[in-house]
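Single-letter residue listing:
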Amino acid sequence: MSKIYFEDVVKSVENLVHACSSLTPSCERAISDACKNEVNQNAKFALETIISNNNLAKAEDLPICQDTGMAVFFVEYGQEVNFVGGDFEDALNEGVRRGYKKYGYRASVLDPLTRVNTKDNTPSVVHTRIVKGDSIKISFMAKGFGSENMSKLYMLTPSQGINGVKAAIIDAVKSAGSNPCPPIVVGVGIGGTAEKAMELAKQELLRPVGFPSNDLELANLEKELLVDINALNIGAQGFGGNNTALAVHIGKYPTHISALPVAVNIQCHAVRVAECKVEGRQ
Amino acid sequence: MKNISAPFNKNELRDLKAGDFVLLNGRILTGRDAAHKRIVEGISNGKLPFKLENEIIFYVGPCFKDGKITACGPTTAMRMDAYAPSLFDKGVIAAIGKGERGQNVYDSIVKNGCVYFVAIGGAGATYGKAVQSFEVVAYEDLGTEAVYAFDVKDFPVIVAIDSQGNSIFKN
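Residues numbered from 1 in each chain as written. Chains lettered and ligands numbered in written order. Predicted model: local features only at pLDDT ≥ 70, side-chain atom pairs only at ≥ 80, totals over all residues.

### Brief notes about the overall build of chain A
Logical step 1: Secondary structure summary: chain A contains eight helices and 10 strands in total.
Logical step 2: Taken over C-alpha atoms, the radius of gyration comes to 19 Å for chain A, in line with the 19 Å a tight globule of 282 residues would show.
Logical step 3: The principal-axis extents of the C-alpha atoms in chain A amount to approximately 55 × 50 × 40 Å.
Logical step 4: Counting all 282 residues of chain A, 49% fall into the buried class.
Logical step 5: Long-range pairs, those at least 24 residues apart, make up 82% of the contacts in chain A with a sequence separation of at least 6. (Helix = DSSP H or I, 4+ residues; strand = E, 2+ residues; numbered from the N terminus. Rg over C-alpha atoms; globule rule 2.2 N^0.38 Å. Buried ≥ 20, exposed ≤ 12 C-beta atoms within 10 Å, placed from the backbone. Contact = placed C-beta atoms within 7 Å.)

What follows is the structure, given as structure tokens:
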């Protein structure tokens, strides 16, 4: 057994949330490439603004976007870890609370019905897997809701097959239109149950932007869909042009003989993710 | 690039065409989902705590640090579509947001001779730099969703829907 203390996780998360003050390097590269090949003048202006905004945020330690998101965590919790000093999810939330306050990030979380704000951006959304090992890997995503609101779940029937899958993904991007702050990253989860597909779709957004799937078939599908999506002429900010998406990331999971779930979770161009590994003390 | 300064009025907005780049100078108001809900309630019960005539409404929920605004980019305008026509009818002359609007908003813009500007979503730090000072105007309990007055200098926007209903989103 290794021991990991409450405060170790809090401090790690406090550092992770600082991801809101810069685009990830892969996202930066993807936007820069998009800007170089953009032919629509308004879209090019949008991409140039996004690049200069990122440079400004990095130079002056500012949030790149005022929507610093709802904090989403994907955790791989080593089963040999003895967690000491409190509840593990409380530690994640305490890290969010401190980090968002320290960096002046927006408190965007509220009760869905009364609409009363919790004022510290908690609670976060936590997906945990118990894995082998004596450490905890924490992946953080600041998920803005201009894009999250455009999420779609399609419970296709098996007869709809791969063409149905492609049509569903294109439909989700089309109906999102200009709303999710394109150029977007399209996260797709195929298979599982309804909630498993949605979770997969979101998890795929953790992948560095444009890194292909390890599964060759999925990697080819990602490439093909990216071409189709970029032919839609939605473009950066909905201004038109050839950069509606920066990448398509697809994951799959076995499903039921009756089903073909397809979930689409869209990420705006402001990809803000970070991960860390919290090691145990002996 | 055109320059428009407060006090704002509809006449100078009428000359703007979809696709024009504009720099705004002067006082603009902010408001997003929760504030819009209250504004529309205030319009219907006659208890609006501030005036809407000749105002420009920026759809934003800013980030603050040490009493300053650090990021304030536009939020998705579509969510305000249910409320926007009531505000235009009541004297608001322009809105600033991001993304396409519904037909009801197009109709209201043409009817009232208003303009819908867009700013670049996700460029919050950039727009924060254009805010010289700010104060709360109403609904302070809403925090980031309160109505603020921003004093802006060379705040860059693009005319997305002009007063004739022409739009950069409909190529």
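### Considerations on the interface of chain A and chain B
Logical step 1: Each partner contributes to the interface: chain A provides 33 residues, whereas chain B provides 31 residues.
Logical step 2: Of the residues that constitute the side of chain A that touches chain B, the class distribution is 14 nonpolar, 16 polar and three charged. (Nonpolar A, V, L, I, M, F, W, Y, C, P; charged D, E, K, R; others polar.)

### Things to note about the domain arrangement of chain A
Residue and element names in this part refer to chain A.
Logical step 1: Assigned domains of chain A: these are domain 1 (2–19 + 64–144 + 272–279) and domain 2 (146–267).
Logical step 2: The C-alpha centroid of domain 2 is placed 26 Å from the C-alpha centroid of domain 1.
Logical step 3: Domain 1 puts nine residues into the contact, and the matching count from domain 2 is eight residues.
Logical step 4: Of all elements in the fold, only strand S2 (70–78) and strand S5 (135–143) reach the threshold of two or more residues within the side of domain 1 that touches domain 2.
Logical step 5: If one sorts the elements of the side of domain 1 that touches domain 2 by residue count, S5 sits on top with three residues.
Logical step 6: For the side of domain 1 that touches domain 2, the class distribution of residues is four nonpolar, three polar and two charged. (Domains from an automatic or database assignment.)

### Regarding the sheet that holds strand S6 (residues 152–156) of chain A
Residue and element names in this part refer to chain A.
Logical step 1: Across the sheet, which stays open at both edges, the four strands sit in the order S6-S9-S7-S8 with mixed pairing between neighbours. Edge positions in the open sheet fall to S6 and strand S8 (245–253), since each of these has one partner strand only. The sheet shows a mean angle of 15° between the axes of neighbouring strands, direction not considered.
Logical step 2: Alignment of strand S7 (residues 184–191) against strand S9 (residues 260–267), held across six bridges, turns out to be antiparallel. Note on S9: the bridge partner recorded for Gly187 is Asn265. (Pairing = 2+ DSSP bridges. Axes fitted to C-alpha atoms, helices over the stretch in contact; angles between N-to-C directions.)

### Overview of the environment of Thr157 of chain A
Residue and element names in this part refer to chain A.
Logical step 1: Summarising the element assignment, Thr157 is placed in the loop between S6 and helix H6 (161–176).
Logical step 2: Thr157 gets classed as exposed once you count the C-beta atoms within 10 Å, which come to 10.
Logical step 3: With 103 residues separating them in the primary sequence, Thr157 and Leu260 have C-alpha atoms 5.5 Å apart.

### Some remarks on the nonpolar core
Logical step 1: Core analysis: the largest hydrophobic core is formed by 139 residues, its most contacted members being Val17, Phe140, Ile169, Val186, Val188 and Val262 of chain A together with Phe117 of chain B.
Logical step 2: Broken down by element, the residue count for this core peaks at 10 residues, all from strand S9 (residues 147–161) of chain B.
Logical step 3: Lining this core are residues from two domains, each supplying at least three of them: domain 1 (2–19 + 64–144 + 272–279) and domain 2 (146–267) of chain A. (Core = buried A, V, L, I, M, F, W, Y, C linked by C-beta atoms within 7 Å.)

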